[in-house]
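# Chain and residue survey
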Amino acid sequence: MRLFLIHMLVIVLLFFGYRVAQADVEARTFTLQQTLDYALENNPELGVLQARIEQADAQLGEALAAFYPQIKASLSYLHSDNPSQAFAMIIAQRRLDFAKGDGYFNHPGGVDNYRPEVSASYALFRGGQDYYRKQAAEWGIETAELEKTATRHQLIDNVTATYYGYWAAQDAHAVSQRSIEAVQAQLGQSRTRFEAGTLLKSDVLSLEVQLAEAQDAEIQATHAIDMAKAMLKTLMGLPAAQDFALATPLEQNLPETPAGFEVLLDQALRQHPGLQAAQKRVAIAEKQLDMAEAGHLPRADAFVSYGSDSQDLAYSTRRDNVTAGVTLEVDVFSGFATQEKIKHAEHAVTAAREAARQMRLQVENQVKTAHLKLLEALSRERVTAVAVRAAEEALRLVNEQRNAGVVTVTRYIEAEVARDKARTRDIAARYDALRADAALKLATGFWN
């Protein structure tokens, strides 16, 4: 009963701790940097890659084991009445007695032999296979670390793009709500005036169309907000049911105009972790080819063993013995296994080189695309900023004309909608520039 109560108490404490931790996350409001830090700490993909680094480190340990002597301890037992085997065991036990005559040699009876033994072996030469395996394992660790770095960079880019996408959708949603409120207010007045016979039906219908467009924009913005938040949960390693808040970002300056494409490409080719990992995989494949080709070379091993033979496991230095030697062997014919291993390794080298070439092309395209998108977004933002100022001035003039009774309410609403659309495009251009800047940093390996 006491054990049951202890178990229940542990479960309650664990559940309470989980709820406290969950409530802490739900209560937190994340800035962009905090969102990045949380994602880098909790994204499961990074945990998988860390495990791969540790696997590669263990493989290096296995490769280094070939440079140490191998020591084994063993205990064997034999029983035989075969004269040749029994006679050999009697000699090993130092019990040979010539005085017993022919019957002793031809009919020794059943003989027991216990042999405790310690043996050691050391690989003197294996055609360089151990050295090549060690180098490949070392580069395997570097490759795994570069792959983790590339994944970290991709995660940073995804979180940054999604974070900015979330706030772009929030701003678009606020603009659409203001537009809905303005159109609804004018629509109510217009319906009253239409019923009084002072406004045309077409003006009312025009406002209803504009209201539907504003409501459609709000629905799309709401969906974009939900999608961005769901994506952030995945990137941060949070369950779908768990909620959190994002801090309103401070006003950020637009990125500077980037350097020329050739400069950025040179930077990417020097420090992009994905490309470096692909080049390391080529080097690993080449070392594995060297290992396969070394199968044609001879192998030399030294060995020594120490043990004793007895009838009853009683140890005595008078019965111990030492055996030492060197073996040299070479595969004269292995059923073409060595040749096939070489072919397999050659194809692996070709595949790795083509993968590295493909990665280089992808990096070049990634840099070019991000460079063009950033230039485009910066140009759009300059244009949309001018458009916003023009739309606001136009709305001010139309409002004055409406107050003077010169223009219809429909014209005023059109000017207000045009102003809101200009603001939406300006917001989109600004966030697109920030996202494109993050993508360019990803492509050039800036976060190294």
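Up top is the structure these notes are about.
All residue numbers refer to positions counted from 1 along the written sequence of the respective chain. This being a predicted model, a pLDDT of at least 70 is required before a residue's local features are given, and a value of 80 or more before pairs of side-chain atoms are given or counted; all residues contribute to the totals for chains, interfaces and linings. Note that the side-chain values use all heavy atoms of the structure and ignore hydrogens as well as water.

### Considering the packing of helix H6 (residues 129-195) against helix H11 (residues 409-444)
Where H6 meets H11, the axes come as close as 9 Å, and the angle between the chain directions of the two elements is 175 degrees. Classified by the angle their axes make, H6 and H11 are roughly antiparallel. Residue polarity follows a fixed list, in which Ala, Val, Leu, Ile, Met, Phe, Trp, Tyr, Cys and Pro are nonpolar, Asp, Glu, Lys and Arg are charged, and the others, Gly among them, are polar. For the contact of H6 with H11, a count of residues per class yields 18 nonpolar, eight polar and seven charged. Here the axes come from fitting lines to C-alpha atoms, over the contacting stretch only for helices, and the angles between their N-to-C directions go from 0 to 180 degrees. Counting from the N terminus, the helices are the DSSP runs of H or I reaching at least four residues and the strands are the DSSP runs of E reaching at least two. Any angle that is under 35 degrees is reported as roughly parallel, and any over 145 degrees as roughly antiparallel; angles of 65 to 115 degrees are reported as roughly perpendicular and all others as oblique.

### Let's talk about the packing of helix H3 (residues 44-64) against H6
The interhelical angle for the contact between H3 and H6, taken along N-to-C directions, is 170 degrees, at an axis separation of 8 Å. Classed by the angle they form, the pair H3 and H6 counts as roughly antiparallel. Here the residues of the contact of H3 with H6 are counted per class, giving 11 nonpolar, four polar and 10 charged.

### Points about the sheet that holds strand S5 (residues 299-308)
Adjacent strands of a sheet pair through backbone hydrogen bonds, lying either parallel or antiparallel. Note on pairing: two strands pair once DSSP finds at least 2 bridges between them. Here four strands make up an open sheet; going across it, the order is S2-S3-S5-S6 and the pairing antiparallel. On the outer flanks of this sheet lie strand S2 (70-80) and strand S6 (320-329), each paired with one strand and no other. Each neighbouring strand pair of the sheet contributes to a mean axis angle of 25 degrees, computed without reference to strand direction. Pairing of S2 with strand S3 (residues 111-125) involves 11 bridges; the strand directions are antiparallel. Across the sheet, the residue bridging to Gln 70 is Ser 121, located in S3.

### Brief notes about helix H7 (residues 201-236)
Helix span, as expected, comes to 1.5 Å for every residue beyond the first. In this model, H7 (36 residues) spans 53 Å end to end at C-alpha, consistent with the 52 Å of a helix rising 1.5 Å per residue. Phi turns positive one or two residues past the end of H7, at Gly 237, with a value near 75 degrees.

### Side note on the layout of surface pockets
Two kinds of site are reported from a 1 Å grid over the protein atoms alone, namely cavities, where a 1.4 Å probe fits but cannot get out, and pockets, open sets with protein on both sides within 12 Å along at least five of seven lines, and residues are called lining when an atom falls within 4 Å of a point. Grid points are joined across faces, edges and corners, and a volume is the space filled by probe spheres set on the points. The space that makes up the largest pocket amounts to roughly 390 Å³. Only H6, H7 and H11 provide two or more residues apiece to the lining of the largest pocket. When residues in the lining of the largest pocket are grouped by element, the largest group, seven residues, is from H7. Of the residues contributing to the lining of the largest pocket, the split by class is nine nonpolar, five polar and three charged.

### Quick look at a nonpolar patch on the surface
Patches here: salt-bridge-free residues with over 30% relative accessible area, like charges joined within 9 Å, nonpolar side chains (Val, Leu, Ile, Met, Phe, Trp, Tyr) joined within 5 Å. All accessible areas in this document rest on Shrake-Rupley with a 1.4 Å probe, and a residue is counted as covered only by the protein chains that are shown. The term salt bridge refers to a side-chain nitrogen of Lys or Arg lying within 4 Å of a carboxyl oxygen of Asp or Glu. Judged by side-chain polarity, Tyr 122, Leu 124, Phe 125, Leu 297 and Val 326 come together as a nonpolar surface patch covering roughly 460 Å² of accessible area. The leading source of residues in the nonpolar patch is S3, at three residues.

### Comments concerning helix H8 (residues 261-271)
Three exposure classes are used, based on accessible area relative to the maximum for each residue type with a 1.4 Å probe and protein chains only: buried under 20%, partly exposed in between, and exposed over 50%. Taken as a whole, H8 has its buried residues at Phe 261, Leu 264, Leu 265, Gln 267 and Ala 268. The buried side chains of H8 occupy one side of the element, clustering within an arc of 160 degrees when seen end-on. Turned more than 90 degrees off the buried face of H8, the exposed positions are Glu 262, Val 263 and Arg 270. Taking the helix axis as origin, the arc is that swept by the directions to the C-beta atoms.

Any link to function would need more than the numbers given here.
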